[in-house]
Amino acid sequence: MARWLGMASKPVTRRMFAAQLSLLPLVGLAAATASGDEPGIVNNVVIELQVQGLSKEGCVVEIAPGHPGCKFKKVRYKVDNARVLLQPIEVTSLSADRDCSFAITIKEPGMPEKTIKRGMRLIRPESGSATPESKITCYLATPSQVQQAKVDTGDESTKAR
């Protein structure tokens with residue numbers, strides 16, 4: 001026993017031991033991924049869009065994950081009304097705090113694209129129950145309305161020369 005304790009006090013052995021300890025979380029993560037058990041919280045998220053300044057032509061809205069800890073398929077919608085309730089999106093949060101972020105891009109004819117990020121915390125599912133449903137309401141302004149607001153306030157960067 002004394003010999004074992006003596007070995008642990010050597011500087012090189014302590015560094016090797018510390019390096020091995022630092023790799024343990026990676027080994028656990030690799031084992032979970034290899035077995036197909038991807039950690040994360042899954043919710044069906046219903047997004048309500050309230051778009052201000054929508055023209056007769058409407059706009060196209062694309063919703064994509066806002067950060068790598070949030071996973072779902074990118075969706076695209078044609079929006080014709082100022083208030084739209086979208087179909088539920090199956091969202092997985094891989095972060096410990098169940099955070100999910102949505103990058104919402106508004107595309108309007110003749111205007112530059114505008115991307116807005118909105119976030120929410122997903123609901124932790126209770127054991128044995130169905131996938132929880134969450135709802136987020138996003139208040140947005142079209143790129144043309146933002147441009148018009150800048151002109152009305154006299155913002156020097158938007159004035160024509």
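The notes below deal with the structure included here. Predicted, not measured: the structure shown is a model, and the values here were computed from it.

Parameters at a glance
- Residues numbered from 1 in each chain as written.
- Predicted model: local features only at pLDDT ≥ 70, side-chain atom pairs only at ≥ 80, totals over all residues.
- Heavy atoms only, no water.
- Disulfide = S-S within 2.5 Å.
- Helix = DSSP H or I, 4+ residues; strand = E, 2+ residues; numbered from the N terminus.
- Buried < 20%, exposed > 50% of the residue type's maximum accessible area, 1.4 Å probe, protein only.
- Polar contact = N/O pair within 3.5 Å; in protein donor to acceptor, adjacent residues only side chain to side chain.
- Contact = heavy atoms within 4.5 Å.
- Pairing = 2+ DSSP bridges.
- Axes fitted to C-alpha atoms, helices over the stretch in contact; angles between N-to-C directions.
- Phe/Tyr/Trp six-rings, centres within 6.5 Å; stacked < 30°, edge-to-face > 60°.

### Considering the state of the cysteines
Next, step 1: Applying the stated rule across the entire model yields one disulfide.
Next, step 2: Each disulfide pairs two cysteine sulfurs, and for Cys 70 the partner residue is Cys 100, the sulfurs being separated by 2.1 Å. Linking Cys 70 in strand β3 (residues 70–71) with Cys 100 in strand β7 (residues 99–107), this pair joins segments that are 30 residues apart in sequence. The pair Cys 70 / Cys 100 is uniform in exposure class, with both members buried.

### A word on the side chain of Asn 43
Next, step 1: Structurally, the position occupied by Asn 43 is in strand β1 (residues 41–52).
Next, step 2: Overall, the relative accessible area of 0% leaves Asn 43 in the buried class.
Next, step 3: Within the structure, the side chain of Asn 43 is placed 2.7 Å from the side chain of Ser 134, a separation counted as a polar contact.
Next, step 4: Excluding anything up to four places from it in sequence, Asn 43 contacts Ile 89, Glu 90, Val 91, Leu 122, Ile 123, Thr 131, Pro 132 and Ser 134.

### A short note on the sheet that holds strand β4 (residues 75–79)
Next, step 1: Taken together, four strands build an open sheet; the order of strands is β4-β2-β7-β8 and the sheet is antiparallel. Both edges of this open sheet fall to β4 and β8 (114–121), since each of them pairs with a single strand only. Each adjacent strand pair in this sheet contributes to an overall mean axis angle of 25 degrees, direction not counted.
Next, step 2: The sheet contact formed by strand β2 (residues 59–65) and β7 spans six bridges and is antiparallel. For Pro 65, the partnering residue across the bridge sits in β7 and is Phe 102.

### Re the packing of aromatic side chains
Next, step 1: Applying the stated criterion across every chain yields a total of one aromatic pair.
Next, step 2: The interplanar angle of 45 degrees and the centroid separation of 5.4 Å between the aromatic rings of Phe 72 and Phe 102 together place this pair among those described as tilted. Within this pair, whereas Phe 72 is found in the loop between β3 and β4, its partner Phe 102 is found in strand β7, the two being separated by 30 residues in sequence.

### Here's the deal with the pairing of β7
Next, step 1: For β7, a buried count of seven out of nine residues is recorded, marking the element as mostly surrounded by other parts of the structure.
Next, step 2: Direction of pairing for β7 relative to β8: antiparallel, over a ladder of eight bridges. When the sheet's bridge partners are listed, Ala 103 is paired in β8 with Lys 117.
Next, step 3: Where β7 folds back onto β8 in an antiparallel hairpin, the turn is made up of six residues, including Gly 110, whose phi is positive at roughly 80 degrees.

Treat this as a map of the structure, not an account of what it does.
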